[in-house]
Amino acid sequence: MATQHSRSAARIMMAPAVILLLGWMLVPLTMTVIFSFKKYLPLRGGDLGWVGFDNYVRFVSSSTFWPSVQATLVIVAGVLAITVVFGVLLALLLDQPMWGQGVVRILVIAPFFVMPTVSALVWKNIFMDPVNGLFAHLWKFFGAEPISWLSEASMSSIILIVSWQWLPFATLILLTAMQSLDSEQLEAAEMDGASPLARFGYIVLPHLGRAITVVVLIQTIFLLSIFAEIFVTTQGAFGTRTLTYLIFQRVLESQNIGLGSAGGVYAIILANIVAAFLTRIVGKNLDT
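Just so it is clear, the model here is predicted, and its values are computed rather than measured.

So, how was this worked out
- Residues numbered from 1 in each chain as written.
- Predicted model: local features only at pLDDT ≥ 70, side-chain atom pairs only at ≥ 80, totals over all residues.
- Heavy atoms only, no water.
- Helix = DSSP H or I, 4+ residues; strand = E, 2+ residues; numbered from the N terminus.
- Polar contact = N/O pair within 3.5 Å; in protein donor to acceptor, adjacent residues only side chain to side chain.
- Contact = heavy atoms within 4.5 Å.
- Core = buried A, V, L, I, M, F, W, Y, C linked by side-chain atoms within 4.5 Å.
- Buried < 20%, exposed > 50% of the residue type's maximum accessible area, 1.4 Å probe, protein only.
- Patch = residues over 30% accessible without salt bridge, like charges linked within 9 Å, V, L, I, M, F, W, Y side chains within 5 Å.
- Areas by Shrake-Rupley, 256 points an atom, 1.4 Å probe, with all protein chains shown as cover.
- Salt bridge = Lys/Arg side-chain N within 4 Å of Asp/Glu carboxyl O.
- Lys, Arg positive; Asp, Glu negative; His and termini not counted.
- Charge placed at Lys NZ, Arg CZ, Asp CG, Glu CD.
- 1 Å grid on protein atoms, 1.4 Å probe; cavity = no way out; pocket = protein on both sides within 12 Å on 5 of 7 lines; lining within 4 Å.
- Points joined across faces, edges and corners; volume = space filled by probe spheres on them.
- Nonpolar A, V, L, I, M, F, W, Y, C, P; charged D, E, K, R; others polar.
- Expected span 1.5 Å × (residues − 1).
- Phe/Tyr/Trp six-rings, centres within 6.5 Å; stacked < 30°, edge-to-face > 60°.
- Lys NZ or Arg CZ within 6 Å of the ring centre and 35° of its normal.
- Axes fitted to C-alpha atoms, helices over the stretch in contact; angles between N-to-C directions.
- Left-handed = near helix turned anticlockwise from the far one by under 90°.

Turning our eyes to something else, we now look at the side chain of Ser157. Tracing the backbone shows Ser157 in helix α8 (residues 154-179). Only 3.1 Å separates the side chain of Ser157 from the backbone oxygen of Trp149, close enough to count as a polar contact. Aside from chain neighbours lying at most four places away, what touches Ser157 is Met128, Trp149 and Leu150.

Ranked by size, the top nonpolar core spans 47 residues in total, and within it Phe59, Ile75, Val162, Leu208, Ile212, Leu223 and Leu243 carry the most contacts. A total of 11 residues in this core trace back to one element, the largest contributor, which is helix α3 (residues 65-94). Setting aside its immediate chain neighbours within four residues, Leu208 contacts Val88, Leu174, Ala177 and Met178. Residues Phe135, Trp149, Leu150 and Ile161 belong to the second largest nonpolar core, which totals 6 residues.

Before going further, it helps to examine a negative patch on the surface. A cluster of acidic side chains, namely Asp182, Glu184, Glu187 and Glu190, defines a negative patch on the protein surface. Assessed through its relative accessible area of 36%, Asp182 is described here as partly exposed.

Tracing the backbone shows Gly260 in helix α14 (residues 257-287). For the pair Gly260 and Val103, spaced 157 residues apart in the sequence, the C-alpha separation amounts to 45 Å. Residue contacts for Gly260: discarding those within four places in its chain leaves Ile247 and Val251.

Of the pockets and cavities examined, the largest pocket occupies roughly 350 Å³. As for the largest pocket, its lining consists of 14 residues, and the residues nearest its centre are Asp95, Gln96, Leu186, Arg199 and Val204. Going through the elements one at a time, α9 (183-191) and α10 (196-207) are the ones with two or more residues in the lining of the largest pocket. Residue composition of the lining of the largest pocket, grouped by class: 8 nonpolar, 2 polar and 4 charged.

Attention now moves to helix α11 (residues 209-223). When the terminal C-alpha atoms of α11 are compared, their 21 Å separation across 15 residues agrees well with the 21 Å that a helix rising 1.5 Å per residue should span. Residues of α11 that are buried: Gly209, Ala211, Ile212, Thr213, Val215, Val216, Leu217, Gln219, Thr220 and Leu223.

The topology assignment puts Phe248 in helix α13 (residues 243-254). Expressed as a C-alpha distance, the spacing of Phe248 and Ala189, which sit 59 residues apart in the sequence, is 54 Å. Other than its neighbours up to four places away in sequence, Phe248 contacts Phe227 and Phe231.

Here the phi dihedral of Gln235 falls at roughly 55 degrees; this positive angle occurs in a residue that is not glycine. Structurally, the position occupied by Gln235 is in the loop between α12 (228-232) and α13. One non-glycine residue, Phe238, adopts positive backbone phi at about 60 degrees. Take Phe238: it is sitting in the loop between α12 and α13.

Once that is clear, we can look at the environment of Leu252. For Leu252, the location among the structural elements is in helix α13. Using a relative accessible area of 52% as the deciding quantity, one classes Leu252 as exposed. Note: C-alpha distance between Leu252 and Lys124 (128 residues apart in sequence) is 24 Å.

Summed over all chains, the structure comprises 22 aromatic pairs. With a centroid separation of 5.8 Å and an interplanar angle of 45 degrees, the aromatic rings of Phe127 and Phe135 are classed as tilted. Using a relative accessible area of 16% as the deciding quantity, one classes Phe135 as buried. Members of the aromatic cluster, connected to one another through ring pairs, are Phe37, Phe53, Tyr56, Phe59, Phe65, Trp66 and Tyr266. Just above the ring of Trp50 sits the side chain of Lys38; from NZ or CZ to the centre is 4.8 Å.

The N-to-C vectors of α3 and α11 enclose an angle of 145 degrees; their axes lie 10 Å apart at closest approach. Classified by chirality, the crossing of α11 by α3 is right-handed. Across the interface between the two elements, Val76, Val79, Leu80, Thr83, Val84 and Val88 of α3 pack against Ile212, Val216, Gln219, Thr220 and Leu223 of α11.

Structure below.
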């Protein structure tokens, strides 16, 4: 049992790491909030003084603000739906005994380690190119007219690219949860005459509930700040401009750090609202 002296010593030893972590998070956040109330033009005069809430009003009153929020939420929802559904299916498949199971698992997980810019370039030039892309050749093979994916189906293309990158993460988490399932429950249900669908619905899926909520929470946090895939492919055109990309464009166009900082605060608020909503769902699942 830890004594008061040992607990005090532990706090003292942990203090530098805690202070560094807090500084790492709080200093940029504080600077963002401060700059959001200023007109700061680094290439045209520097700090031009306080402007109050003018940057916030300008950013939220822009005609592109709410469409960017909507595009962000659509991408998040689409990627989550694909990665959770196919993650469960892949976890079921990889949990079955097969020849070369270890190699197959490594190949399935490999896309997660590819940089977002690289994966976006691969999809853009190798798969979705309307002239020489793999999809164009498949369309021609079946006698159909090739599609210019990034302009005619831009949102679906972004969702597909991001889902390909995040599917291995969901599969890995769900496969780990799948392997912790007691096989005796499945064997008992099978002996009682339960069909494979019934075993999945009443045993496997409830067992994966906590893993699914963790996948949804972690992926959402990262997907709300999606940027690289859009920058490489559509550059925010054709309805794919997310809130993060809108902040980038506003700073680049106006060279106003204050305006971009106000957009950053809005992004933080949106992320906290979504995270709080998902945390409540995760908490309910973990309590059951």
